[in-house]
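Now for the letters of each chain:
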Amino acid sequence: MFFDKLEMHSSRVALISENFEILNFHDLIKIVEQICKKIKKRSLIFILADNSVESVAGYIAFIRSNCVVMLIDSKTQINEFNILFKKYMPDFLWCNKNNLLKFQKNFLSLTHKMGNFHLLENKKKIKFTMDENLMLLISTSGSLGSPKCVKLSYKNILNNSLAIVDYLKIENSDRAITTLPMNYSYGLSIINTHLYSGASIILNNKTLIDKLFWKLFYNYKANNFNGVPYTFEILQKIGLQKIFNINVKYITQAGGKMNEKYIKEITKKFIKNNIKFYIMYGQTEASPRMSYLEMNRSPNKVGSIGRPISGGKFWIENDKGKKINKINETGELIYNGDNIFMGYSNDFKDLKKKDENYNKLCTGDLVKKDKEGFYFLVGRKKRFIKLYGDRISLDYIENKLKLKNYSTACIGKDDQLIIINERKRDMKVKKDLIAKIINIIPSRFNLKEINNLPKNKSGKILYNQLNKYINNE
């Protein structure tokens, strides 16, 4: 099992809570063993996850008990939870006591209690088979509340964790602070890699604008910082210097493409402060990491996703599925590695299925490769439209406008381009100016303004919520 060697880190600090509680691995394992006694092996367990000691301890206990875990956002609405419940019929629910009244009707009374968390048993339990290799069910970043989940195996998680530990050089003296939800694959990978290495984690549910976050960050000497583009947008506003201290040795960014102008700016500052900066690329389906780029070593490769992780392999294919070997020719990025997911599930019936992907992932991302073997994202395969005969990348237009400090989302269909701009007090939007930036005449696109672009917790735009603007045209 993935967490079967935690005992070797016995006296080292494992977890630090928001309440300043410090737990070493020895004490954590004691708690884990108590939880393990209350469940049967190969049970399916829902965790309404947050960044707490109880949530992490439950996760470790269930994995060590050879159970299958589904991680669900603790803020999930009751109607969304009920959909998941009916589709998967879990054996147990591990949740904060604040959720009990919302979900208790589906479960028996208390089976186990730890701090603020309760283990509840399903009173409508049914028998079904799950593949012996299955470890984890987790939603893709854009499908919160959807029953569609990524199925990850023990092999997937172990291989990806080892690769991340290898290139970040995570040691048992390292200490991370949570900046992302536990149910988000990037956030979970930080927890997995640090605990596996005997390193420690400061568990935090606060945002970067909360004083408690920075009190925990400084007082307990976090030596790495991890975030998505939205995290760094906040840092840009409150002051990047907040993470410049003698303890921080590296910073990572994943979860989407960041503004290239800002990457150049912060890379210079990180190099000056002797902090390593890693740009990382991945998908939930890859457990989640596929490649990385250490900006300190390659500052001239801004915009690149780097090279594959150890044990992984990239290549590029054209629309006919043939490999592209030419330099700077665009095609779909294909990845091969032991970290590729087993397949998708929509209900408990899909949990018995064997691996359907055989270590291969068609990413859906369009890339090109330079002569030195570095890969660069061009856009999404499905994020292209034909505009009066010209093939247009919606992602490319967004990135062009982002460089000019516009916050936009581009949607559309053939012969219909819609640019949706998020209003800013100090910035007037003129269609003629945008037309010059993107090199498309004003009459060939529509411009709309809204107060806030819909985004998920990692800052990714929820394009499906913007499709109504296409239908109204």
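This text follows the structure it describes.
As the structure is a prediction and not an experimental result, all values here were calculated from the model. (Residues numbered from 1 in each chain as written. Predicted model: local features only at pLDDT ≥ 70, side-chain atom pairs only at ≥ 80, totals over all residues. Heavy atoms only, no water.)

Draft legend 1. Spotlight on the sheet that holds strand 5 (residues 92-96). Strand order in the open sheet formed by 8 strands is 6-7-5-3-4-8-9-19, and the pairing between neighbours is mixed. Sheet topology places strand 6 (107-114) and strand 19 (343-345) at the edges, where each strand pairs with a single neighbour. Averaged over all adjacent pairs, the angle separating strand axes in this sheet is 25°, with direction ignored. Sheet analysis places strand 4 (residues 68-73) next to strand 8 (residues 134-138), joined by 3 bridges and oriented parallel. Across the sheet, residue Met70 finds its bridge partner in strand 8, namely Leu137. Docked against the sheet, helix 3 (residues 78-88) engages strand 3 (44-49), strand 4, strand 5, strand 6, strand 7 (117-122), strand 8, strand 9 (149-153) and strand 19, running at close to 165° with respect to strand 3. Those strands touched by helix 5 (residues 154-168) are strand 8 and strand 9, and its axis lies near 75° from that of strand 9. (Pairing = 2+ DSSP bridges. Helix = DSSP H or I, 4+ residues; strand = E, 2+ residues; numbered from the N terminus. Axes fitted to C-alpha atoms, helices over the stretch in contact; angles between N-to-C directions. Contact = heavy atoms within 4.5 Å.)

Draft legend 2. Region of the structure containing the packing of helix 2 (residues 53-64) against helix 6 (residues 185-196). Two numbers describe how helix 2 lies on helix 6: the axes approach to 13 Å, and their chain directions differ by 70°. When the interaxial angle is binned, helix 2 and helix 6 end up roughly perpendicular. Of the two elements, helix 2 crosses helix 6, and the hand of that crossing is right-handed. The segment helix 2 lies against helix 6, with Val56, Tyr59 and Ile60 engaging Leu188, Ile191, Asn192 and Leu195. Class assignment for the residues of the contact of helix 2 with helix 6 results in 6 nonpolar, 1 polar and no charged. (Parallel < 35°, antiparallel > 145°, perpendicular 65-115°, else oblique. Left-handed = near helix turned anticlockwise from the far one by under 90°. Nonpolar A, V, L, I, M, F, W, Y, C, P; charged D, E, K, R; others polar.)

Draft legend 3. The nonpolar core, seen in detail. Counting residues in hydrophobic clusters, the biggest one holds 76 residues, and the most contacted among them are Leu15, Tyr59, Phe62, Leu71, Leu136 and Leu195. With 8 residues, helix 2 is the single largest residue contributor to this core. Those residues in contact with Leu136 that sit more than four places away from it in its chain are Tyr59, Val68, Val69, Leu71, Val150, Lys151, Leu152, Ile157 and Leu188. Listed in part, the 31 residues of the second largest apolar core include Ile16, Phe232, Ile275 and Leu293. (Core = buried A, V, L, I, M, F, W, Y, C linked by side-chain atoms within 4.5 Å. Buried < 20%, exposed > 50% of the residue type's maximum accessible area, 1.4 Å probe, protein only.)

Draft legend 4. Examining the packing of aromatic side chains more closely. Scanning the model with the defined rule gives 29 aromatic pairs in all. Measuring from centroid to centroid gives 4.9 Å for Phe213 and Trp214, while their planes differ by 80°, and the two rings are edge-to-face. Assigned by exposure class, Phe213 and Trp214 land together as buried. For the ring pair Trp214 and Phe217, a centre distance of 5.3 Å and an interplane angle of 75° mean the geometry is edge-to-face. A residue pair is termed a helical-turn pair when its members lie 3 or 4 positions apart in one helix, as Trp214 and Phe217 do in helix 7 (residues 211-219) at 3 residues. Take Phe217: its relative accessible area is 1%, and that puts it in the buried class. Taken together, the aromatic side chains of Phe213, Trp214, Phe217, Tyr218, Phe225, Phe232, Phe244, Phe270 and Phe277 make up a single cluster linked through ring pairs. (Phe/Tyr/Trp six-rings, centres within 6.5 Å; stacked < 30°, edge-to-face > 60°.)

Draft legend 5. Up close: helix 2. Here helix 2 contains 12 residues, and its C-alpha end-to-end distance of 16 Å stays within 8% of the 16 Å for a straight helix at 1.5 Å per residue. Burial of helix 2 is extensive: 11 of the 12 residues sit out of reach of the surface. All of the buried residues in helix 2 are Val53, Glu54, Ser55, Val56, Ala57, Gly58, Tyr59, Ile60, Ala61, Phe62 and Ile63. Looking one or two residues past helix 2, Asn66 carries a phi angle of roughly 60°, positive in sign. (Expected span 1.5 Å × (residues − 1).)

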